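Listed below are the residues making up each chain.
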Amino acid sequence: MTLSAYLPILLLIIISTIFAVASIFVSSKLAPSRWTFAKRLPYECGIVPEQSDERERFPVKFYLVAMLFIIFDIETVFLYPWAVVYQELAVFGLIEMVVFIVILLAAYVYVWRRGGLEWAE
Amino acid sequence: MSAILDFIGVGFIVALVKALVVFAALLLTTILVVWFERKVIADMQSRVGPSRWGPFGLLQTLADGIKLFFKEDFRPQGADKWAYALAPVLAMVPAILGFAVVPVGGVLGFGDTKVGLVGSDLNVGILYFLAMGSLNVYGIVLAGWASGSKYPLLGGIRSTAQLISYETSLGLSLVPIALVAGSLSTVQIVQAQAGTVGNVTFFDGIPILEQVSSLFKFIPNWFIWSQWPAFAIFFISGIAETNRAPFDLPEAESELVAGYHTEYSGIRFALFFLGEYVHVVLISAMAVTLFFGGWDGPIFPFLSWLWPLIWFTLKTIAFVYLFVWLRATMPRLRYDRLMWLGWKRLIPAALLWIMVTAVVNTAGIDRGVRLAVFGALFLLVLGFVIRGDPRQKTAVSPQRRVSSGTA
């Protein structure tokens, strides 16, 4: 397995990006462009939009989800190499992994008990 | 001609042809899948569906695509110029890239050159697939944030939380596959599923189970038989990853207009659309590759190279049909139920299933112990998933809560 295995992927990136950019460009030449004031307003079901910075704040819950995601995603990444060589590690690998997962499950149970996974209420 | 070949190399030509074929096939597939979905849903709702352009309305999607080319593509005044332009490209490209590791057939020979029918057989195939799935989030976040409008922002945030929650269980559900196959390469995973279940010796010597398992020796040795809990977790997470019903909260029409792509029109909207449908096909193709033997199937003497492709296509169509069927059947989940399912059911179930798979596949442990652990943990996982949410009983009856004074 050499780097050449990634050549088709590199070419696919180039082809699909060119396709996306080119279709936006071609469309901008073909499509009409008649700008009006009302058309440029953000869509709010027909009423005149409230003038405020739309990107200001959103519930802190979402940050919590992002942090929990990072913990579990890193765990997943650790599990993959272990899984691939598992047949060679045998019992040693099993014990190591059970210790690892049990530690994480303890943290998981803690988060659950403290209500970190609750969404409503 | 041979001079040109020598100059840039056969490897480059093969890579270029592969990339072009994957890309062209995906565009064609998307056109057919959109038509397929509209036709199947129309059939389920006793309508005719698209019928004007081409035979059976086959060219309807193409007509819609051409129409979108001629539609005005404007940017709302609050939008961030570059992020707004980048988002549709970022939503489409990773979905197409994910297909590079899907093997659609064995090895073809052109003279001396042997070409595997896969974009690229990476030794980290599954990780690559998961990585491309994660990149999809960026397109949606940027679209929601850059539009400078309320509905896209809400849809984008919702979608991000949903995608990262289900990405975790998606990643965990594929660990047992890597463990059983001993490889992350999609081609090797398909090869590990060749043959029939006849060589399974796990239940030998146990009175009833042995007889039962001997009855099924003709069945292909696909991972779905031993790994169906992993498949269930994978497929549920996969539907959530593609933002499809019943997990289509990011674009819940009744609440958020169209979610993160509310402000997009014309060809940029078409790119989002393309990305979503390619993703549906990608999840279906990965389900086939990892759990249903990929291109594995009976091969008949005439046109022997074509059969793997046919089996792969038929299996993938079956899964795309399942996606459409679910959309026509299931109501949308409530947001807290969605988070509950992802964090409190799928993730612990996936972790426990990894342990079950590990114990069962350890050579050094006594088989009786392995069978006992398998049985006990299997029942635990099953009970855990089936039990449901204890809060649901109070949640569905608000009247009782009002009368007891807790509301």
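Residues numbered from 1 in each chain as written. Chains lettered and ligands numbered in written order. Predicted model: local features only at pLDDT ≥ 70, side-chain atom pairs only at ≥ 80, totals over all residues. Heavy atoms only, no water.

**Here we look at the overall build of chain B**
Phase 1 of the analysis: Helix and strand counts for chain B stand at 17 helices and two strands.
Phase 2 of the analysis: Across the 407 residues of chain B, 52% fall into the buried class.
Phase 3 of the analysis: Intrachain contacts of chain B at a sequence separation of at least 6 include 76% that bridge at least 24 residues.
Phase 4 of the analysis: Looking at chain B as shown, the accessible area adds up to about 17,900 Å², and 70% of this sits on carbon and sulfur atoms. (Helix = DSSP H or I, 4+ residues; strand = E, 2+ residues; numbered from the N terminus. Buried < 20%, exposed > 50% of the residue type's maximum accessible area, 1.4 Å probe, protein only. Contact = heavy atoms within 4.5 Å. Areas by Shrake-Rupley, 256 points an atom, 1.4 Å probe, with all protein chains shown as cover.)

**Structural notes on a nonpolar patch on the surface**
Phase 1 of the analysis: A grouping of Phe25(A), Val26(A), Leu30(A), Trp53(B), Leu59(B), Leu62(B), Ile66(B) and Phe70(B) is seen on the molecular surface, where their side chains present a nonpolar patch of about 770 Å² in accessible area.
Phase 2 of the analysis: Listing elements by their share of the nonpolar patch, those giving two or more residues are α1 (7–30) of chain A together with α3 (60–69) of chain B.
Phase 3 of the analysis: With respect to the secondary-structure elements, Leu59(B) resides in the loop between α2 (10–44) and α3. (Patch = residues over 30% accessible without salt bridge, like charges linked within 9 Å, V, L, I, M, F, W, Y side chains within 5 Å. Salt bridge = Lys/Arg side-chain N within 4 Å of Asp/Glu carboxyl O.)

**A few points about the packing of aromatic side chains**
All names here are of chain B.
Phase 1 of the analysis: Tallied over the entire structure, the rule returns 24 aromatic pairs over all chains.
Phase 2 of the analysis: Measuring from ring centre to ring centre gives 4.3 Å for Tyr84 and Tyr264, while their planes differ by 10°; the resulting arrangement is stacked. Of this pair, Tyr84 sits in helix α4 (residues 81–98) while Tyr264 sits in the loop between α11 (253–256) and α12 (266–291); the two residues are 180 residues apart in sequence, bridging distant segments of the chain.
Phase 3 of the analysis: When its relative accessible area of 1% is taken as the criterion, Tyr84 is described as buried.
Phase 4 of the analysis: Residue classification places Tyr264 among the buried residues on the basis of a relative accessible area of 5%.
Phase 5 of the analysis: Centre to centre, the rings of Tyr264 and Phe272 are 4.9 Å apart; their planes meet at 75°, and the pair counts as edge-to-face. Across the pair, Phe272 and Tyr264 agree in class, each one buried.
Phase 6 of the analysis: Site record: aromatic cluster; members linked through ring pairs are Phe129, Trp222, Phe231, Phe234, Phe235, Phe291, Phe292, Phe319 and Phe323. (Phe/Tyr/Trp six-rings, centres within 6.5 Å; stacked < 30°, edge-to-face > 60°.)

**Section: empty space enclosed by the protein**
Phase 1 of the analysis: Taken as a whole and judged by the stated rule, the model has three cavities of 30 Å³ or more.
Phase 2 of the analysis: In this structure, the largest cavity occupies an estimated 100 Å³ of space.
Phase 3 of the analysis: As for the largest cavity, its lining consists of Ala91(B), Asn136(B), Ile140(B), Glu241(B), Thr242(B), Asn243(B), Tyr260(B), Phe272(B), Gly275(B), Glu276(B) and His279(B).
Phase 4 of the analysis: Residue assignment for the lining of the largest cavity shows that the elements contributing at least two residues are α5 (125–146) and α12 of chain B.
Phase 5 of the analysis: Per-element tally for the lining of the largest cavity: the top contributor is α12(B), with four residues.
Phase 6 of the analysis: Looking at side-chain class alone, the lining of the largest cavity contains four nonpolar, five polar and two charged residues.
Phase 7 of the analysis: Residue lining of the second largest cavity: Lys61(A), Leu64(A), Val65(A), Leu68(A), Gly116(A), Leu117(A), Glu118(A), Trp119(A), Met339(B) and Trp343(B), and that is the complete set.
Phase 8 of the analysis: For the lining of the second largest cavity, the secondary structure elements donating two or more residues are α3 (61–84) of chain A together with α14 (335–360) of chain B.
Phase 9 of the analysis: Per-element accounting of the lining of the second largest cavity gives the leading share, four residues, to α3(A).
Phase 10 of the analysis: A breakdown of the residues in the lining of the second largest cavity according to their chemical character gives seven nonpolar, one polar and two charged. (1 Å grid on protein atoms, 1.4 Å probe; cavity = no way out; pocket = protein on both sides within 12 Å on 5 of 7 lines; lining within 4 Å. Points joined across faces, edges and corners; volume = space filled by probe spheres on them. Nonpolar A, V, L, I, M, F, W, Y, C, P; charged D, E, K, R; others polar.)

**What to know about unusual backbone geometry**
Residue and element names in this part refer to chain B.
Phase 1 of the analysis: Backbone geometry places Ser46, a non-glycine residue, at a positive phi of 55°.
Phase 2 of the analysis: Of note, Ser46 is situated in the loop between α2 and α3.
Phase 3 of the analysis: Despite not being glycine, Asn243 has its phi angle at roughly 60°, a positive value.

**Examining α1(A)**
Phase 1 of the analysis: For α1(A), built from 24 residues, the straight-helix expectation of 34 Å at 1.5 Å per residue is met to within 8% by its first-to-last C-alpha distance of 34 Å.
Phase 2 of the analysis: Three or more residues of α1(A) are buried, namely Pro8(A), Ile9(A), Leu11(A), Leu12(A), Ile15(A), Ser16(A), Ala20(A), Ser23(A), Ile24(A) and Ser27(A).
Phase 3 of the analysis: Each element contacted by the buried residues of α1(A) is listed here: α2, α3, α4, α5 and α12 of chain B. (Expected span 1.5 Å × (residues − 1).)

**Overview of the interface of chain B and chain A**
Phase 1 of the analysis: Chain B puts 90 residues into the contact, and the matching count from chain A is 66 residues.
Phase 2 of the analysis: Of the roughly 6,900 Å² buried where chain B meets chain A, counting both sides, 74% is carbon and sulfur surface.
Phase 3 of the analysis: For the pair chain B and chain A, the number of links is zero salt bridges.
Phase 4 of the analysis: For the pair chain B and chain A, the interface holds five residue pairs in polar contact (both at pLDDT 80 or more).
Phase 5 of the analysis: Among the secondary structure elements, those contributing two or more residues to the side of chain B that touches chain A are α2, α3, α4, α5, α6 (150–173), α7 (175–181), α12 and α14 of chain B.
Phase 6 of the analysis: Ranked by the residues each element gives to the side of chain B that touches chain A, the list is headed by α14(B), at 13 residues. (Buried area = accessible area lost by both parts, 1.4 Å probe. Polar contact = N/O pair within 3.5 Å; in protein donor to acceptor, adjacent residues only side chain to side chain.)

**Concerning the packing of α3(A) against α6(B)**
Phase 1 of the analysis: For the pair α3(A) and α6(B), the least separation of the axes is 9 Å and the interaxial angle reads 20°. The angle between α3(A) and α6(B) falls in the class roughly parallel. α6(B) is crossed by α3(A), and the crossing has left-handed handedness. Contacts from Phe62(A), Val65(A), Ala66(A), Phe69(A), Phe72(A), Asp73(A), Thr76(A), Leu79(A) and Tyr80(A) in α3(A) reach Ile157(B), Arg158(B), Ala161(B), Ile164(B), Ser165(B), Glu167(B), Thr168(B), Gly171(B) and Leu172(B) in α6(B).
Phase 2 of the analysis: Of the residues in the contact of α3(A) with α6(B), the class split is 11 nonpolar, four polar and three charged. (Axes fitted to C-alpha atoms, helices over the stretch in contact; angles between N-to-C directions. Parallel < 35°, antiparallel > 145°, perpendicular 65-115°, else oblique. Left-handed = near helix turned anticlockwise from the far one by under 90°.)

**Things to note about the side chain of His261(B)**
Phase 1 of the analysis: As for its position among the elements, His261(B) is in the loop between α11 and α12.
Phase 2 of the analysis: Excluding anything up to four places from it in sequence, His261(B) contacts Glu251(B), Phe269(B) and Phe272(B).

**As for the pattern of salt bridges**
Residues and elements named next belong to chain B.
Phase 1 of the analysis: With the rule as written, the count across this model stands at four salt bridges over all chains.
Phase 2 of the analysis: With a closest N to O distance of 2.5 Å, Arg244 and Glu37 form a salt bridge. With Arg244 in the loop between α10 (228–241) and α11 and Glu37 in helix α2, this residue pair connects regions lying 207 residues apart in the sequence. For the pair Arg244 and Glu37, a shared accessibility class is recorded, and that class is buried.

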